[in-house]
Amino acid sequence: MSRRRRKHKKRFACGHRGFGQYCHRCAARQARNRAQLARKERQRVEWQATFADDAIDLRGLPRHIALKTRQVLTELSEGTHYWEVSGKRLHMIREVVRIPITRRYRLLCHHDGTTVKPLKVMSHEEYNPLFRNPKRLLAKLFSRDRSKR
Ligand SMILES: [Zn+2]
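Residues numbered from 1 in each chain as written. Predicted model: local features only at pLDDT ≥ 70, side-chain atom pairs only at ≥ 80, totals over all residues.

**Q** How should I be thinking about the overall build of the chain in this particular structure?
**A** A tally of helices and strands in the chain yields four helices and six strands. Secondary structure elements of the chain occur, N-terminal to C-terminal, as β-β-α-α-β-β-β-β-α-α. Its C-alpha radius of gyration of 27 Å places the chain more than 25% over the 15 Å reference for a compact globule of 149 residues. Along the longest, intermediate and shortest principal axes, the C-alpha atoms of the chain span 90 × 30 × 30 Å. (Helix = DSSP H or I, 4+ residues; strand = E, 2+ residues; numbered from the N terminus. Rg over C-alpha atoms; globule rule 2.2 N^0.38 Å.)

Here it is as structure tokens:
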């Protein structure tokens with residue numbers, strides 16, 4: 001630190017002191033930031049790719065909701081009955097089954113009498129206003145998602 005021992009130490013524009021043409025502390029931090037951004041972007045791309053295999057479109061849902069929904073979808077596809085995953089038919093629309101994912105989210109399915117076909121995951125906020133209006137709920141459930149291929 002003393003000027004005698006390190007005669008050529010200088011102050012860079014960033015305020016750090018050091019040797020050489022540029023501030024190595026700032027350069028190292030920038031490299032770390034770039035690496036972190038690249039890692040996040042890679043994770044984002046990997047996460048996006050996982051949606052391709054889902055039976056219904058789960059894009060845009062919070063991560064843990066998407067993951068919990070996948071567990072339920074897997075169970076249903078393996079033959080688990082909807083009531084075994086706490087599913088209930090709607091009173092007003094018997095052909096619709098709702099399965100709780102969390103306290104806030106429901107997986108809504110179509111029950112055609114023999115099989116249960118997953119349709120959509122909805123939050124209370126989306127779902128409650130439609131709940132008393134079977135026509136609107138059905139229209140929403142059977143609407144095609146823009147993002148669905
Ligand atoms: Zn610096």
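**Q** What is the right way to read helix H1 (residues 24–50) from this model?
**A** Every α-helical turn comprises 3.6 residues, leaving residues that sit three or four positions apart pointing alike. With 27 residues, H1 extends 39 Å from end C-alpha to end C-alpha; this agrees with the ideal 39 Å at 1.5 Å per step. For H1, the tally of buried residues reaches only zero of 27 residues, placing the bulk of the element at the surface. (Expected span 1.5 Å × (residues − 1). Buried ≥ 20, exposed ≤ 12 C-beta atoms within 10 Å, placed from the backbone.)

**Q** Explain the domain arrangement of the chain to me, please; I cannot follow it from the model alone.
**A** A common measure of how large an interface is: the accessible area buried when the components associate. As far as domains go, the chain holds domain 1 (10–47) and domain 2 (56–141). A C-alpha centroid distance of 46 Å is found between domain 1 and domain 2. (Domains from an automatic or database assignment.)

**Q** Would you mind showing me how to read the pairing of strand E6 (residues 116–123) here?
**A** The side chains of a regular strand alternate between both faces of the sheet. Note: strand E5 (residues 105–111) against E6, seven bridges, orientation antiparallel. For Arg106, the partnering residue across the bridge sits in E6 and is Met122. Turn length for the E5-E6 hairpin, with the two strands adjacent in sequence and antiparallel, is four residues, and the turn residue Gly113 shows positive phi of about 110°. (Pairing = 2+ DSSP bridges.)

**Q** How do you make sense of the sheet that holds E6 when you look at a structure like this?
**A** Across a sheet, strands are paired by hydrogen bonds formed along the backbone, either parallel or antiparallel in direction. In space, the four strands of this open sheet follow the order E3-E4-E5-E6, with antiparallel pairing throughout. Each edge of the open sheet is held by one strand with a lone partner, namely strand E3 (88–89) and E6.

**Q** Looking at this structure, I do not really get the nonpolar core. What am I missing?
**A** One recurring pattern in soluble globular proteins: nonpolar side chains tend to sit buried together. Within the largest apolar cluster, 13 residues are counted, with the highest numbers of intra-cluster contacts made by Val72, Ile99, Ile101, Leu107, Cys109 and Val121. Only helix H2 (63–77), strand E4 (96–100), E5 and E6 provide two or more residues apiece to this core. Per-element tally for this core: the top contributor is E5, with four residues. Not counting residues up to four positions away in its chain, the partners in contact with Cys109 are Tyr82, Val97, Ile99, Val116, Lys117, Pro118 and Leu119. (Core = buried A, V, L, I, M, F, W, Y, C linked by C-beta atoms within 7 Å. Contact = placed C-beta atoms within 7 Å.)

**Q** How should the pairing of E4 be read in this particular structure?
**A** Here E4 shows a buried face lined by Val97 and Ile99 and an unburied face lined by Val96, Arg98 and Pro100. By the bridge criterion, two bridges tie E3 to E4 in an arrangement that is antiparallel. The residue of E4 that forms the bridge with Arg89 is Val97. Hairpin connection, E3 to E4: the antiparallel pair is bridged by six residues. Bridge count between E4 and E5: five bridges; the pairing is antiparallel. Of the residues in E5, the one forming a bridge with Arg98 is Leu108. Between E4 and E5, which follow one another and run antiparallel, lie four residues.

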